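The chain contents come next:
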Amino acid sequence: MEPTLAQLSAAIDATWVMVSAILVILMQVGFALLEAGSTRMKNAGHVAGKTILTFGICSIAFWALGFGLTFGDGNSFIGLSGFFFDGTQTDSFSAFSASSIPISILFLFQLAFAAVSLAIAWGGFAERAKLSIYFLFSVLFTVLIYPVVGHWVWGGGWLAQLGMQDFAGSTVVHLQGAIVALVATILLKPRIGKYNRDGSSNLIPGHNQVYSVLGVLFLWIGWFGFNAGSTLGSTSGFFGYVAVTTNLATAAGAVAALAISWIVMGKADIPSMLNGVLAALVAITASCAFVDPWAAVLIGSVSGILTFFTSIWFDRMGIDDPVFAFSVHGVAGIWGTLSTGLFATPELAEKVGVGGAGLFYGGGFHQLGIQALGLIGSMAYVFVVAFLILSILKVTIGLRVTEEEEVVGLDLSEHGGYGYPELLQPERIQPHAAVRSNASHTLS
């Protein structure tokens with residue numbers, strides 16, 4: 001018996017969401033390259049390796065509790081069903097009742113989003129946090145922090161009921177991770193040597209700008225799964241529109257950030273351009289399905305400029321954010337979430353089925369007010385809970401490695417070996433003559 005048109009359509013949609021889930025998971029490659037390249041050589045192996053560790057921990061915690069807390073049926077605050085997901089249960093997830101995508105694929109897709117949010121949070125811990133914190137906080141973030149705001153906006157919670165527009169997670173994914181990164185940065189204090197006694201800042205450049213560029217390219221590509229995949233289907237063709245607005249905003253962010261760095265600093269700064277790319281991606285994540293292409297260009301351009309100036313301001317305020325997590329994912333997340341309240345068109349809001357038109361399209365301040373309320377509530381919850389959790393960890397087991405361990409580098413102090421052993425341990429490499437002698441002896 002040949003499949004019906006409806007069955008074929010459902011299979012194509014499911015395949016697209018599965019491919020999108022893989023693209024979003026591959027964004028972890030981008031985070032590993034970006035963060036390793038943006039930090040010092042002595043910490044490169046640690047920074048890259050913890051990406052795999054924390055994705056593994058997040059996967060297990062999200063399967064056990066996080067998925068049910070985020071999307072399970074419950075109340076307007078939190079989900080209360082669907083724990084220890086068995087791969088088939090559907091009666092616990094009314095939030096997905098309108099979707100024909102198999103629940104197992106939806107689980108993988110949403111897991112990938114939670115893991116991205118966690119990866120963003122680690123930016124504030126870079127180069128000075130204990131490895132044990134990564135174990136503990138990965139679980140606590142995935143169970144106590146991420147699911148609450150996720151349920152509010154995407155799981156049928158109170159912000160969903162109000163009609164908050166956050167299509168793919170400027171607030172749910174990026175702002176949550178950024179707030180945690182900011183709290184961690186404050187509690188951990190700056191890296192050794194970052195600031196002088198007079199408060200002036202010293203540049204601590206990353207060890208490999210090429211890694212950072214490659215990481216951003218991986219993230220840019222993966223974001224098509226992030227945003228376009230959030231249509232949860234492809235047969236309607238709307239995923240193509242979302243991909244277009246995403247790409248336009250990103251391109252505008254890259255150009256605007258490089259241009260403003262050139263104007264202000266007198267040189268075209270590559271790291272500033274990379275931050276502009278990511279900031280634009282973050283901002284358009286909320287609005288990609290709600291705005292016209294021209295608005296996407298404007299949203300991306302503003303993001304690149306905002307991130308450039310706020311990264312400088314935070315540094316001057318004594319906040320040592322090694323990978324600019326809050327400037328990129330926090331400030332841009334706020335702007336992106338508010339932008340739908342300004343630029344959402346009535347036609348696209350109706351098509352998506354969430355909220356209404358923005359201020360510049362005849363909607364008045366109603367949608368903008370909902371967006372602002374969602375931001376305030378989400379930021380307050382994440383900041384308070386993250387601060388409490390990390391403060392408890394700080395006074396019990398401690399957040400930060402010792403001064404000696406930080407100076408030596410986390411590759412050696414936490415893992416017992418360097419990420420670049422040939423470059424950092426030349427005394428352990430045999431001279432060429434000794435190598436040839438040993439080889440000759442072996443052959444004889």
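Above this text is the structure in question.
Presented here is an overview of the structure given in this document. (Residues numbered from 1 in each chain as written. Predicted model: local features only at pLDDT ≥ 70, side-chain atom pairs only at ≥ 80, totals over all residues. Heavy atoms only, no water.)

**Some points on the environment of Ser-339**
So, step 1. The topology assignment puts Ser-339 in helix α11 (residues 325–343).
So, step 2. A relative accessible area of 0% means that Ser-339 is categorised as buried.
So, step 3. Contact partners of Ser-339, with chain neighbours within four places excluded, come to Ser-287, Ile-299 and Ala-344. (Helix = DSSP H or I, 4+ residues; strand = E, 2+ residues; numbered from the N terminus. Buried < 20%, exposed > 50% of the residue type's maximum accessible area, 1.4 Å probe, protein only. Contact = heavy atoms within 4.5 Å.)

**Some thoughts on the packing of helix α2 (residues 44–71) against helix α4 (residues 131–154)**
So, step 1. Closest axis-to-axis distance for the α2/α4 pair is 8 Å, and the angle between their directions is 40°. Between α2 and α4, the interaxial angle falls into the category oblique. When you trace α2 past α4, the crossing you get is right-handed. (Axes fitted to C-alpha atoms, helices over the stretch in contact; angles between N-to-C directions. Parallel < 35°, antiparallel > 145°, perpendicular 65-115°, else oblique. Left-handed = near helix turned anticlockwise from the far one by under 90°.)

**Some details on unusual backbone geometry**
So, step 1. At Phe-84, a residue that is not glycine, the phi angle is positive and equals roughly 50°.
So, step 2. Even without being a glycine, Glu-127 presents a positive backbone phi close to 75°.
So, step 3. Mapping Glu-127 onto the fold places it in the loop between α3 (103–121) and α4.

**Focus: the pattern of salt bridges**
Any two side chains of opposite charge can pair if their charged atoms end up close together.
So, step 1. Under the definition given, this model contains six salt bridges.
So, step 2. Glu-127 is paired through a salt bridge with Arg-40; the nearest N and O atoms lie 3.1 Å apart. Note that Glu-127 is positioned in the loop between α3 and α4 and Arg-40 in the loop between α1 (5–38) and α2, a separation of 87 residues in sequence.
So, step 3. For Glu-406, the salt bridge is made with Arg-400, and the minimal N-O distance between the two is 2.8 Å.
So, step 4. Counted as one network, the salt bridges with shared partners bring together Arg-40, Glu-127, Arg-191 and Asp-320. (Salt bridge = Lys/Arg side-chain N within 4 Å of Asp/Glu carboxyl O.)

**A few points about helix α10 (residues 293–316)**
So, step 1. Spanning 24 residues, α10 covers 35 Å between terminal C-alpha atoms, matching the ideal 34 Å at 1.5 Å per step.
So, step 2. Along α10, the positions that sit buried rather than exposed are Ala-295, Ala-296, Ile-299, Gly-300, Ser-303, Gly-304, Thr-307, Phe-308, Thr-310, Ser-311 and Phe-314.
So, step 3. Where α10 is buried, its residues meet α8 (238–265), α9 (270–287) and α11.
So, step 4. Gly-318 sits one or two residues past α10 and shows a positive phi near 85°. (Expected span 1.5 Å × (residues − 1).)

**Here we look at the nonpolar core**
So, step 1. In this structure, Phe-67, Phe-125, Phe-137, Ile-145, Val-180, Phe-226 and Leu-390 are the most contacted members of the largest nonpolar core, which totals 112 residues.
So, step 2. The element that contributes the greatest number of residues to this core is α3, accounting for 15 residues.
So, step 3. When residues no more than four places from it in sequence are discounted, the contact partners of Phe-67 are Phe-62, Gly-72, Phe-85, Phe-93, Phe-96, Ile-103, Leu-106, Phe-107 and Gln-110. (Core = buried A, V, L, I, M, F, W, Y, C linked by side-chain atoms within 4.5 Å.)

**Considerations on the packing of aromatic side chains**
So, step 1. The final tally for this structure, using the stated rule, is 36 aromatic pairs.
So, step 2. Between Phe-113 and Trp-154 the ring centres are 6.0 Å apart and the planes differ by 75°, which places this aromatic pair in the edge-to-face class. One end of the pair, Phe-113, is in helix α3; the other, Trp-154, is in helix α4, with 41 residues separating them in the sequence.
So, step 3. Relative to Phe-326, the ring of Phe-314 lies with its centre 5.4 Å away and its plane at 90°, an arrangement referred to as edge-to-face. Here Phe-326 lies in helix α11 and Phe-314 lies in helix α10, a separation of twelve residues in the sequence. Like Phe-314, the residue Phe-326 is buried in the burial classification.
So, step 4. Here the aromatic cluster, defined as three or more aromatic residues joined through ring pairs, consists of Phe-62, Phe-67, Phe-71, Phe-85, Phe-93, Phe-96 and Phe-107.
So, step 5. Lying across the ring of Tyr-195, Lys-194 places its NZ or CZ 5.9 Å from the centre.
So, step 6. Here the basic side chain of Lys-351 rests over the ring of Phe-238, its NZ or CZ set 5.1 Å away from the ring centre. (Phe/Tyr/Trp six-rings, centres within 6.5 Å; stacked < 30°, edge-to-face > 60°. Lys NZ or Arg CZ within 6 Å of the ring centre and 35° of its normal.)

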